[in-house]
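Tertiary structure, described
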Amino acid sequence: MQNVSMEKIVSLAKRRGFVFPSSEIYGGFAATYDFGPLGFLLKKNIEKAWRRWNVESRTDMVEIEGAIFMHPRVWEASGHVGGFADTLVEDLVTHKRYRADHLIEEAGIMASAGGLSLQEINDVIEANKLKSPDGNPLSKSKKFNQLVKTHLGATEDDTTLVYLKGESCQNIYLDYKMVQETMRLKLPFGIAQIGKAFRNEITVKNFLFRTREFEQMDVQYFCRPKDAGGYYDEWKKNRWDFYTQCMGFDKANVRWRQHEKNEKAFYATDAWDIEYKFGELDFKEVEGVHHRGSYDLDQHAKFSGKDLSYLDEETGERFNPYIIECSGGFNRLFLACLFEFYREEEDRTVLSFPAKLAPYKAAVFPLLRNKPDLVARAKSIFDLLRAEHMVAWDDRGNIGKRYYAQDEIGTPFCITVDFQTLDDDTVTVRDRDTATQKRVAVGELADFLRQR
Ligand code: ATP
């Protein structure tokens, strides 16, 4: 990755159909985005790579897809109704509201202020004479619950109040026993899920980094209490390898950060974040890896009145399994991919995605668009490859322009059909990263792409 700015990423993402501001013709709507055609393809490929790594390549993982609406008691049991709150302060002149911990961190007073109490925040603001970004005095801090509420049913009162998921993983805890029994799983095993989460974030900026609607990619790994420490270390290694090997991120752009004592949930034995270097935002969390003990199952057993324990056939013991949680944010992973693979060279901009992530695996061009023989042969090659891969077609402008347009969206190979193709059935295959070309027989093309 080069020293790329957020502005460049946002501009490319919009210009080339990766990410659009949501409701754009109405002037946009804060912190909501749509994935455009190429963003959608990249999203699907990221999810596929994540699924392959976390579920399909293992024998101890299954995946579910849970509903967004859940029983409102779920959010009481999870602690979100009582405690899922950010601390906000208000600019006393403009009445704009800010996250107090972010203001303290951005002013360089503390590296991490997420765990401070209301009193501690007030003290820090006073001691440092901290002002709002507009230079005005700040109010005392107060709590602001982030759960998004709505009503389901024919009336709008307390009896029909429901919450959108504040974190996606709750379905996994509720379904764990049914999953275990129906799939006849024995500890240790894990349940994965990619699902939506909604948070009424106070300050929203930085593009996809902090949105009010996003997807989380979760692994919840269930194990015997005595084994939890070992599996925690294993999953930490797994997550590091996921970012640096599976996603191909440079190790210099990824790092671990351990939660400080006052930041960690009271029940958590240990908690680390994986952070990614998002350009000028510097290192910020992409995934939390938490040793949660049996807290989640204990809470749901208590609030639902149902026995969620596991019977250990070897020892005859019953207990609520411990959970190792790896909870990553899809939007942040997607954004990290744009930062990681964006490159500017003298005369071109390149997204050097690994082939498995690239929206299109190849593009097919006829050398000239006004030569029917070339166009017909190119179309037949395009159709052949399209049967198996996402492939783009382009016959506009000159070849150089077509190459650069494909480089900018990360297409690893450009296949040109020229006059020689009509003689010997070979095409030129131009490599995005090296810009070198070689001739490949048409019969070998599908296999060539399959191996990438
Ligand atoms: P932050 O401190 O940045 O608000 P968090 O600690 O509240 O994040 P978690 O509750 O641990 O986040 O959620 C797990 C993951 O979900 C995060 O690592 C992040 O990738 C993602 N995530 C959380 N909030 C948002 C958001 N508002 N927009 C996009 N992704 C988010």
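Scroll up to find the structure.
What comes next is a walk through the structure. What you see is a predicted model, and the numbers here were worked out from it, not measured in a lab. (Residues numbered from 1 in each chain as written. Predicted model: local features only at pLDDT ≥ 70, side-chain atom pairs only at ≥ 80, totals over all residues. Heavy atoms only, no water.)

A look at the site of the ligand
Filter applied, for reference: Being near a molecule or strand, for a residue, means having at least one of its heavy atoms within 4 Å of it. By the criterion applied in these results, polar contacts are pairs of N or O atoms within 3.5 Å in which, for protein atoms, one can donate a hydrogen and the other can accept it, and in which residues neighboring in sequence qualify only through two side-chain atoms. Residue burial considers only the protein chains on display, and all accessible areas are found by Shrake-Rupley using a 1.4 Å probe. Numbering of helices and strands starts at the N terminus; helices are DSSP runs of H or I of at least 4 residues and strands are runs of E of at least 2.
Around the ligand sit 15 residues, and of these E201, R210, T211, E285 and V286 come closest. At 2.9 Å, a side-chain N or O of R199 approaches an oxygen atom of the ligand. Against a free-state accessible area of 590 Å², the protein chains account for coverage of 83% of the ligand. Where the shell around the ligand is concerned, the elements lending two or more residues are β10 (213–223), β13 (283–291) and β16 (322–329). For the shell around the ligand, the element with the highest residue contribution is β13, accounting for four residues.

Observations concerning the pairing of strand β19 (residues 362–366)
Note the threshold: Accessible area is worked out with a 1.4 Å probe on protein chains only. A residue is then buried under 20% of its type maximum, exposed over 50%, and partly exposed in between. By convention a crossover is right-handed if, when the strands point away from the viewer, the path from the first strand over the helix to the second runs clockwise. Only strands that DSSP links by at least two bridges are regarded as paired with each other.
Burial runs high along β19: five of the five residues are buried. What you see with β19 is no split at all: A362, V364 and P366 on one side and A363 and F365 on the other are buried throughout. Note on the crossover from β19 through helix α11 (residues 372–386) to strand β20 (residues 391–393): the handedness is right-handed. Inspection of the sheet shows β19 paired to strand β21 (residues 413–417) by five bridges, in the parallel sense.

Re helix α12 (residues 399–409)
An α-helical turn contains 3.6 residues, so a residue and the one three or four places further along point in the same direction. All of the buried residues along α12 are I399, R402, Y403, Q406, D407, E408 and I409. Regarding α12, its N-cap is N398, as a side-chain oxygen of that residue lies 3.1 Å from the backbone nitrogen of G400 further along. Once α12 finishes, G410 follows within two positions and takes phi at roughly 85°, a positive value.

Overview of helix α7 (residues 170–182)
Stated formally: What a helix should span is 1.5 Å times the count of its residues minus one.
Taking 1.5 Å per residue, 13 residues should reach 18 Å; α7 reaches 19 Å between its end C-alpha atoms and fits that length. Among the residues making up α7, those that are buried are Q170, N171, I172, Y173, Y176, K177, V179 and Q180. At the exit of α7 stands R184, carrying a positive phi of roughly 50°.

Some thoughts on the nonpolar core
Filter applied, for reference: Residues belong to one nonpolar core when they are buried, are Ala, Val, Leu, Ile, Met, Phe, Trp, Tyr or Cys, and are joined through side-chain atoms within 4.5 Å.
Counting residues in each nonpolar core, the largest one holds 58 residues, and the members touching the most others are F18, F249 and F353. Looking at which element gives the most residues to this core, the answer is helix α10 (residues 330–341), with nine residues. With 19 residues, the next largest nonpolar core counts A378, V429, V440 and L445 among its residues.

Describing the packing of aromatic side chains
Under the convention used in this document: Between rings of Phe, Tyr and Trp, where Trp is taken as its six-membered ring, a pair exists when centres lie within 6.5 Å; planes separated by under 30 degrees are stacked, by over 60 edge-to-face, and by other angles tilted. Any Lys NZ or Arg CZ that is within 6 Å of a ring centre and within 35 degrees of that ring's normal is treated as a charge sitting over the ring.
Per the counting criterion, the structure on display carries 24 aromatic pairs. An angle of 75° between the planes, with centres 5.1 Å apart, marks the rings of Y276 and F278 as edge-to-face. Of the aromatic side chains, those joined through ring pairs into one cluster are F18, W53, F209, F242, Y243, F249, Y276, F278, F339, F341 and F353. Cation over ring: K43 sits above F330, and NZ or CZ is 4.9 Å from the ring centre. Directly above the aromatic system of W393 lies the positively charged group of K379, at a separation of 3.8 Å from the ring centroid.

Thoughts on the side chain of D395
For clarity, the cut-off: In this tally Asp and Glu are treated as negative and Lys and Arg as positive; neither His nor the chain ends contributes. Within this document, salt bridges are pairs made up of a side-chain nitrogen of Lys or Arg and a carboxyl oxygen of Asp or Glu, the two lying within 4 Å of each other. Contacts: residue pairs with any heavy atoms within 4.5 Å of one another.
With respect to the secondary-structure elements, D395 resides in the loop between β20 and α12. Although D395 lies buried, it forms no salt bridge, and the closest oppositely charged side chain, R369, sits 4.1 Å away as judged by the N-O distance. Those residues within four positions of D395 in sequence are excluded, and the remaining contacts are P366, R369 and R402.

Re the pattern of salt bridges
According to the stated counting rule, one finds 42 salt bridges in the structure shown. Note that K44 is salt-bridged to E47, the shortest N-O span being 3.3 Å. Here K44 pairs with E47, and both are found in helix α2 (residues 37–56), just three residues apart, close to one helical turn. According to the relative accessible area criterion, E47 is buried, its value standing at 7%.

Considering the sheet that holds strand β4 (residues 85–90)
Either a parallel or an antiparallel arrangement is found when strands of a sheet pair, and the pairing is made through backbone hydrogen bonds. Keep this limit in mind: All axes here are fitted lines through C-alpha atoms, helices being fitted over the stretch that makes contact, and every angle between N-to-C directions spans 0 to 180 degrees.
Spatial ordering of the open sheet is given by β5-β4-β6, a layout of three strands whose pairing is antiparallel. Both outer strands of the open sheet, β5 (97–99) and β6 (142–145), are each paired with one neighbouring strand and no more. The average angle at which neighbouring strand axes cross in this sheet is 50°, direction not considered. Relative to β6, β4 runs antiparallel, the two sharing four bridges. Across the sheet, D86 pairs through a bridge with F144, a residue of β6.

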